[in-house]
Each structure stands twice: as structure tokens, then as C-alpha cells.
Amino acid sequence: IYGNSRLNSPIEMSELLTNNFANQPHLTRNTRGNGVLRIPQYSLSQIKFLEELGEGAFGKVYKGALKKNGETQFVAVKALKENASAKTQADFRREIDLISELTHDNIVCIVGVALREEPLCMLFEFMARGDLHEFLMGRAPPSGKGLPPMRLLNIASNIASGMQYLASHHYVHRDLAARNCLVSDDFIVKISDFGLSRDIYSSDYYRVQSKSLLPVRWMPPESILYGKFTTESDIWSYGVVLWEIYSYGLQPYYGYSNQEVISMVRGGELLAAPANCPAPMYSLMRDCWKHTPQRRPNFEEIVNRIQEWINMGGCPEIAVSEAGTSGFGHRPS
Ligand code: ADP
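It should be emphasised that the depicted structure is a prediction, and the values quoted were computed from it without experimental measurement.

1. Quick notes on the pairing of strand 4 (residues 47–55)
Then, in step 1: Pairing of strand 4 with strand 5 (residues 60–68) involves six bridges; the strand directions are antiparallel. The partner of Gly54 across the bridge, within strand 5, is Val61.
Then, in step 2: Counting the residues in the hairpin turn of strand 4 and strand 5 gives four residues, including Gly59, whose phi is positive at 145 degrees.

2. Brief notes about the environment of Ala79
Then, in step 1: Tracing the backbone through its elements, the reader meets Ala79 in strand 6 (residues 71–79).
Then, in step 2: Measuring from C-alpha to C-alpha, the distance between Ala79 and Tyr62 comes to 7.9 Å, with 17 residues separating the pair along the chain.

3. Brief notes about the packing of aromatic side chains
Then, in step 1: Summed over the entire model, instances satisfying the criterion amount to five aromatic pairs.
Then, in step 2: Plain terms: the ring middles of Phe58 and Phe92 are 5.2 Å apart, the flat faces sit at 85 degrees to each other, and that makes the pair edge-to-face. Taken together, the residues span a long stretch of sequence, with Phe58 in the loop between strand 4 and strand 5 and Phe92 in helix 1 (residues 86–99) at a distance of 34 residues. We note that Phe58, like Phe92, is buried.
Then, in step 3: Cation over ring: Arg129 sits above Phe187, and NZ or CZ is 3.9 Å from the ring centre.

4. Focus on the pattern of salt bridges
Then, in step 1: Within the structure shown, the criterion is met by eight salt bridges.
Then, in step 2: The shortest N-O distance in the salt bridge between Lys190 and Glu125 comes to 2.9 Å. With Lys190 in strand 11 (residues 189–191) and Glu125 in strand 8 (residues 121–125), the pair connects residues that are 65 residues apart, well separated along the chain. Like Lys190, the residue Glu125 is buried in the burial classification.
Then, in step 3: In this structure, Asp287 engages Lys290 in a salt bridge whose closest nitrogen and oxygen atoms are separated by 3.5 Å.
Then, in step 4: According to the relative accessible area criterion, Asp287 is buried, its value standing at 17%.
Then, in step 5: Residue classification places Lys290 among the partly exposed residues on the basis of a relative accessible area of 25%.
Then, in step 6: Taken together, the shared-partner salt bridges connect Lys87, Asp91 and Arg94 into one network.

The rules behind these values
Residues numbered from 1 in each chain as written. Predicted model: local features only at pLDDT ≥ 70, side-chain atom pairs only at ≥ 80, totals over all residues. Heavy atoms only, no water. Pairing = 2+ DSSP bridges. Helix = DSSP H or I, 4+ residues; strand = E, 2+ residues; numbered from the N terminus. Phe/Tyr/Trp six-rings, centres within 6.5 Å; stacked < 30°, edge-to-face > 60°. Buried < 20%, exposed > 50% of the residue type's maximum accessible area, 1.4 Å probe, protein only. Lys NZ or Arg CZ within 6 Å of the ring centre and 35° of its normal. Salt bridge = Lys/Arg side-chain N within 4 Å of Asp/Glu carboxyl O.

The quantities given are spatial measurements derived from coordinates; they are silent on function.
So this is what it looks like as C-alpha cells:
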């Protein structure tokens, strides 16, 4: 049931707590914002809660129907759990502060908030086809039909564009992985998860001295060794996402423990080419996994390289030769 709406007034920064990004554990912002946040504020009575989508870092995530200006729009509602500690509430508001400045076709954008009553809610554009990891797994051959080569290239291109945008705004994601990308109804892939939803895929994360959980399978040596997260470490993770795309959602270094993965990455052993991966695409992955961070391509170069393949009507379909595959191809037998 919808009630009367409040006006969609922009929120003053002062309504949203601090500008302190230093403690943001997950999405790092290197520059400070200024001014007024321009996301609309809604009242809870405008939001109809439909089914539950899952559990996020702050509480439950629902599919919702947002009524505004006589129209209904589907949204994903992230509701802050009841009895959240003051710190969690502050994190929730800081997350709004961070992400409300990001707008791009390949970023899951926040479309509004409802902060005047409890539960406090963030509203995101609704991504009907769910997360990219599930999407890929559901189409994995031989039981699934696979995806056309152009679809795979478009997925790779969408993520690279979203990351180029984030990098150009001095954001370091730190947790780029297929599970953190979402797929829209019209197959556009967008980068999501600016929170810490690590419980759902806990086997993808590694606990360092019982502190934070780390996605070691997506991390370069310098992040594993020194805890250094930069745009260059996001590039490495992007290479692993390419590997996930072309292997239809296999877990990187499948069959190895996190501790073993750490030794392998430190020892310079790289993932092998996924089955049927075109050689130029595998070559791009390997460029993203250059040991020296500065030698990895940047997102602009990656976007351009993939665009060239798209313009050619597809990535040249040269299979990676057996001789060219050293390292670890983790395909369950
Ligand atoms: P958080 O980032 O707060 O930890 P998640 O992003 O992991 O939460 O969301 C939890 C669940 O809700 C996931 O299963 C995810 O697929 C789903 N979800 C999140 N955002 C959207 C969205 N915009 N559209 C559709 N489903 C979403």
C-alpha cells in the first residue's frame, strides 16, 4: 500500500554524517567530495516490499516497488537491520555518502534513500538477472548452452567501462569479482557491492589472523604480501573476473586451499586459460597479472582493446594452444 509521498528533496551532506573515508574498509575514496548529495529522499510508504533477495552486510536486501510521480519502478532495497549499532549506522550512512556521487551505466546506481523512518533504506536500480557469478554458472556447458562470444565480450567490456569510471574517480574497489557484478534485464553488467557481503560466499574469502576476510583468489601478490590495494590491484582482479567469465563461473584455483593459493600467487604461478578461451583474451588476462603493478594495462587500454574485438565482430577465435597453457586450469573432472 502506498501512502502520500514526501517531496524528493536532495539530502544535505550534513544529514549524512561524516566525510571520513579512512575507515571505509571496502571501497576506498581517495579524494573528498563536497556539496550537496543529489539523491532523492523517499518515505517508506512509497516503497512496497516484495520478495527477499538475500542478505547483505547491513541487513536484508529486498526487491521493492517504488512509487513516484504516479509511476512504479522496481528497486533493490537495502534495509539497515533493526538494533544496528551506532557504528553500523554510521557505516551505512557513510556508504550512502560514498556511492551517491557515482553514476555510470556500468555501476549499480543508488536511486534514492529513505532515512526519515526506520528501517533506514538505500534504494538501488533493480538488476533482474542477479549476480554475474550465478548467471554464468547457470549457463555453463555442457549442461548449459554457454553464451555467444559477443555476449562474453560485452560482459567483459561492461565491467571494464564501470571500472574505468571508478578508477577515474579515484575509487579502488578492492573486491572486484563476478559475484559482485549484477546483470540487468537487458544483459547489461554493472559493478555492485560497495559493502561487505562476505558471508554468502565465505569460501571465496580468507581470514587473516582472525581479522578481516580477504578475497585472496582475486588478489595480486602486493595485496597479499603488503595489504596494498590500488587501481593496479583492481586490474589484477579484473583479469581474474575475465577468467571467471570465460570459465563460466569456476572458482579461480579450484581445488586449492586459500593457503595454497597464497603460495602459488607469491610464486608467480598464474591461472591457465579456460577451455575454449580465445588466445588474445587469455593474453589480456596475463597482462592484468603482470607481477609489477605498473606493467599492467590500465582500464582505458583494456576498454579499447575489447572494443576493437567488438568492432571486428568478435575476439579472434584462436584457441590457446596446449603449449601455451602453463599453470593451473582448475576444471572439476
Ligand atoms: P551488500 O553489498 O549490502 O552486502 P549484496 O550486494 O551482497 O549486499 O546483496 C545481497 C543480495 O541481494 C545478493 O544476492 C544480490 O544478488 C542481491 N542484490 C543486491 N543488489 C541488487 C540489485 N540492485 N538488484 C538485484 N539484486 C540485488
